[in-house]
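# Residue-level structural notes
Here is how the chains run, residue by residue.
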Amino acid sequence: MYNTKAYSAASATSPLASDTIARRDLTEHDVQIEILFCGICHSDLHMVRNEWGGGTVYPIVPGHEMVGRVTQVGSAVTKYKPGDLAGVGCMVDSDGTCPNCKTGLEQFCPNLTLTYNSPDKHLGGVTYGGYSDSIVVDERFVLRVPTNLDLAGVAPLLCAGITTYSPLRHWGVTKGNKVGVVGLGGLGHMGVKFARAFGAHVVVFTTSPGKTEDALRLGAHEVVVSRNADEMQKHAGSFDFILDTVSAKHDINAYLNLLRLDGNITLVGAPEKPLEISAFSLIMGRRNLSGSNIGGIAETQEMLDFCGEHNITADVEVIPIQKVNEAYDRLLKSDVKYRFCIDMASLKSE
C-alpha cells in the first residue's frame with residue numbers, strides 16, 4: 001500500500017476535510033493515475049450526507065468523474081503507458097463472467113464494484129473515490145481521454161455524459177427525430193448537446209423562463225416553459241424520445257402525453273418519491289416509460305471518442321478542493337452552470 005492525500009467526510013454531518021488514505025500497490029493488471037480533475041456529481045452529495053437509505057460507510061471519499069495522467073502500469077497492462085491521459089468513471093471492477101459483463105453492460109453486473117463506498121476486495125473496507133491525488137484501477141475500467149478537449153470539461157463526461165449518451169444511443173435517436181430534454185442542469189445540458197450532435201430536433205422543457213437563452217446556446221432548437229399548458233399542448237403526440245433528467249417531484253404524465261405512437265421517455269433523474277403514472281398515458285399511444293443507468297465501458301469509450309470528434313465537453317465551473325463544501329451548498333440551490341469540477345492541483349497545497 002501507499003498513502004495519498006484526499007478529502008473525506010467523517011460522518012453525515014461532517015464537512016469534507018483534508019485526509020490521508022491508503023491505495024493498493026499495483027497488481028499486474030493495474031494502472032496508477034495521478035488525478036488532475038474530478039467532477040462533482042449530485043450523487044456525491046447524497047452519499048456524503050447519507051441520504052440514500054443508510055448505506056454510506058465513513059470515512060467516505062467521493063468522486064467518480066476523474067481525468068488524469070498515467071504514472072505507473074502493471075506488468076501485464078497493454079493499453080496504457082506512463083504519460084497517457086486516462087479517465088475513471090462510476091465503476092472500477094465487475095465479475096467479468098455474468099451475462100451482463102459478457103455483453104458489455106458492466107453497469108448491471110450483480111457484483112459491480114463502484115468507484116467509492118463499495119466493498120474493496122483488495123484492501124478490505126470500502127473503495128475511495130476521486131477527491132484524491134491518485135487512484136489505482138484495473139486496466140479494464142480505465143478509459144482513453146481525447147487529447148484535444150479541455151480536461152476539466154471532460155471529467156463530468158464520465159458520469160453526466162455517459163448517463164445521457166447511453167439512453168439516446170440505446171433508443172436509436174438519430175437525424176430527423178424530435179427529442180425532448182426535461183430539465184436543464186448537470187444532466188440536461190449534456191442531453192441537449194448529445195441530442196443535437198446526433199442530428200435531432202431538440203426541445204428543452206424547463207420551469208425557468210430565464211434558462212431559455214442558455215438552452216438555445218447549448219443547442220436546443222426550441223424551449224418550452226413546462227408550466228405553460230398552451231405551450232405544452234402544442235407539442236402533444238409529437239416526440240420520438242424524451243430524456244427526463246429531473247430529480248424533483250413532477251408530473252410525468254404531462255410528458256408521456258407528448259410522445260407519439262411508440263415513443264419513449266427515459267428517466268435518468270431520480271426523484272425521492274415515486275412518480276404517479278396514469279395508465280392511460282401509456283395505453284393510448286403504446287408509449288414506453290423506461291430508465292437508464294450510466295453505460296458499459298465500451299459504450300463509455302465510444303462516448304468519449306464521440307466527444308473528441310464533435311468537440312463536446314461539459315460546461316464546468318472549476319474550483320479548488322478547499323471550496324468543495326461551499327460547492328455542495330450551492331449544488332443544493334442549483335447554483336452552478338452546469339457542473340462543478342475540482343482542480344486537483346489544489347490538493348497538493350494541503
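Attention here is on the structure that accompanies the text. The residue numbering used here restarts from 1 in each chain and proceeds along that chain's sequence as written. In view of the model being predicted, local features appear only for residues whose pLDDT reaches at least 70, and side-chain atom pairs are presented and counted only at 80 or more, with totals across whole chains, interfaces and linings using the full set of residues. Each side-chain value is worked out from all heavy atoms of the structure, with water and hydrogens disregarded.

### Examining the pattern of salt bridges
Salt bridge, as applied in this entry: a Lys or Arg side-chain nitrogen positioned within 4 Å of an Asp or Glu carboxyl oxygen. Inspection of every chain in the model, using the stated rule, returns 18 salt bridges. For Arg140, the salt bridge goes to Asp138, with nearest N and O atoms at 3.3 Å. By relative accessible area, which is 39% here, Arg140 ends up partly exposed. In this structure, the salt-bridge partner of Asp262 is Arg286, at a minimum N-O distance of 2.6 Å. Residue Asp262 is found in strand S14 (residues 259–267), and its partner Arg286 is found in the loop between helix H9 (279–283) and strand S15 (288–291); the two are separated by 24 residues along the sequence. A single salt-bridge network, built from bridges that share partners, covers Lys193, Asp214, Arg217, Asp315 and Lys337. Accessible area is worked out with a 1.4 Å probe on protein chains only. A residue is then buried under 20% of its type maximum, exposed over 50%, and partly exposed in between. Going along the chain from the N terminus, every DSSP run of H or I of four or more residues is numbered as a helix, and every run of E of two or more is numbered as a strand.

### Quick look at the packing of helix H4 (residues 160–170) against helix H5 (residues 188–197)
Two packed helices can be described by the angle between their axes and the distance between those axes. Lines fitted to C-alpha atoms define the axes, with helix axes restricted to the stretch in contact, and inter-axis angles between N-to-C directions lie between 0 and 180 degrees. Running from N to C, H4 and H5 point in directions that differ by 45°, and their axes come no closer than 9 Å. By the criterion of interaxial angle, the relationship of H4 to H5 is oblique. Of the two elements, H4 crosses H5, and the hand of that crossing is right-handed. Residues Ala160, Gly161, Thr164, Tyr165 and Leu168 of H4 touch H5, and the partners they reach there are Met190, Gly191, Phe194 and Ala195. Put simply, Ala, Val, Leu, Ile, Met, Phe, Trp, Tyr, Cys and Pro go in the nonpolar bin, Asp, Glu, Lys and Arg in the charged bin, and everything else, Gly too, in the polar bin. Residues of the contact of H4 with H5, tallied by class, amount to six nonpolar, three polar and no charged. Roughly parallel means an angle under 35 degrees; roughly antiparallel, over 145; roughly perpendicular, 65 to 115; everything else is oblique. Take the far helix as the reference: if the near one is turned anticlockwise from it by less than a right angle, the crossing is left-handed, and if turned clockwise, right-handed. By definition in these notes, contact holds between two residues if any of their heavy atoms fall within 4.5 Å.

### Quick word on the nonpolar core
What makes a nonpolar core is a set of buried Ala, Val, Leu, Ile, Met, Phe, Trp, Tyr and Cys residues whose side-chain atoms join them at distances within 4.5 Å. Ranked by size, the top nonpolar core spans 89 residues in total, and within it Ile40, Tyr131 and Phe194 carry the most contacts. Every residue in contact with Ile40, bar those within four places of it in the chain, is listed here: Glu65, Tyr131, Ile319, Val324, Ala327, Tyr328, Leu331, Arg339, Phe340 and Ile342. One finds Met232, Phe239, Tyr255 and Leu259 within the second-largest nonpolar core, a separate group that totals 13 residues.

### A short note on unusual backbone geometry
Following Tyr58, the chain continues to Pro59 via a peptide bond in cis, the omega torsion being 0°. One can find Pro59 in the loop between helix H1 (42–48) and strand S4 (66–73). Residue Lys337 is joined to Tyr338 through a cis peptide bond whose omega torsion reads -10°. Locating Tyr338 in the fold gives a position in the loop between helix H11 (324–332) and strand S17 (339–343).

### Let's talk about the pairing of S4
On any regular strand, side chains alternate: one points to one face of the sheet, the next to the other face. Alignment of strand S3 (residues 30–40) against S4, held across seven bridges, turns out to be antiparallel. Paired with Cys38 across the two strands is Met66, which belongs to S4. DSSP bridges decide pairing: two strands pair if at least two such bridges lie between them. The sheet contact formed by S4 and strand S5 (residues 85–88) spans four bridges and is antiparallel. Along S5, the bridge assignment pairs Gly68 with Ala86.

### As for the packing of H4 against helix H10 (residues 297–310)
Axis separation between H4 and H10 bottoms out at 10 Å; the angle between their running directions is 100°. In terms of their interaxial angle, H4 and H10 are classed as roughly perpendicular. Contacts between H4 and H10 involve Gly161, Ile162, Tyr165, Ser166 and Arg169 on the former and, on the latter, Glu299, Thr300, Glu302, Met303 and Phe306.

### Details of H11
Within the span of H11, buried status applies to Val324, Ala327, Tyr328, Arg330 and Leu331. Within H11, the buried residues cover an arc of 165° as seen down the axis, which keeps them to one side. Looking at the packing, one finds that the buried side of H11 touches strand S1 (2–8), S3, H1, strand S16 (316–320) and S17. Positive phi shows up at Ser334, right after H11, with a value of about 55°. What the arc describes is the spread of directions from the helix axis to the C-beta atoms.

### Focus on the side chain of Asn253
Among the secondary structure elements, Asn253 is positioned in helix H8 (residues 252–256). Residue class for Asn253 comes out buried when judged on its relative accessible area of 13%. With near-sequence residues (within four places) excluded, Asn253 lies in contact with Glu276, Ile277, Ser278 and Ser281.

### Here we look at H10
Given 3.6 residues to a turn, an α-helix orients residues that are three or four positions apart in the same direction. By definition here, a helix of n residues has an expected span of 1.5 Å times n minus one. Taking 1.5 Å of rise per residue, the 14 residues of H10 would be expected to cover 20 Å, and the 20 Å separating its terminal C-alpha atoms lies within 8% of that figure. Within H10, the full set of buried residues consists of Ile297, Glu299, Thr300, Gln301, Met303, Leu304, Phe306, Cys307 and Gly308. Turning to H10, the residues buried within the fold contact strand S6 (91–93), strand S9 (143–144), helix H3 (151–154), H4 and H5. The first or second residue beyond H10 is Asn311, which carries a positive phi of 55°.

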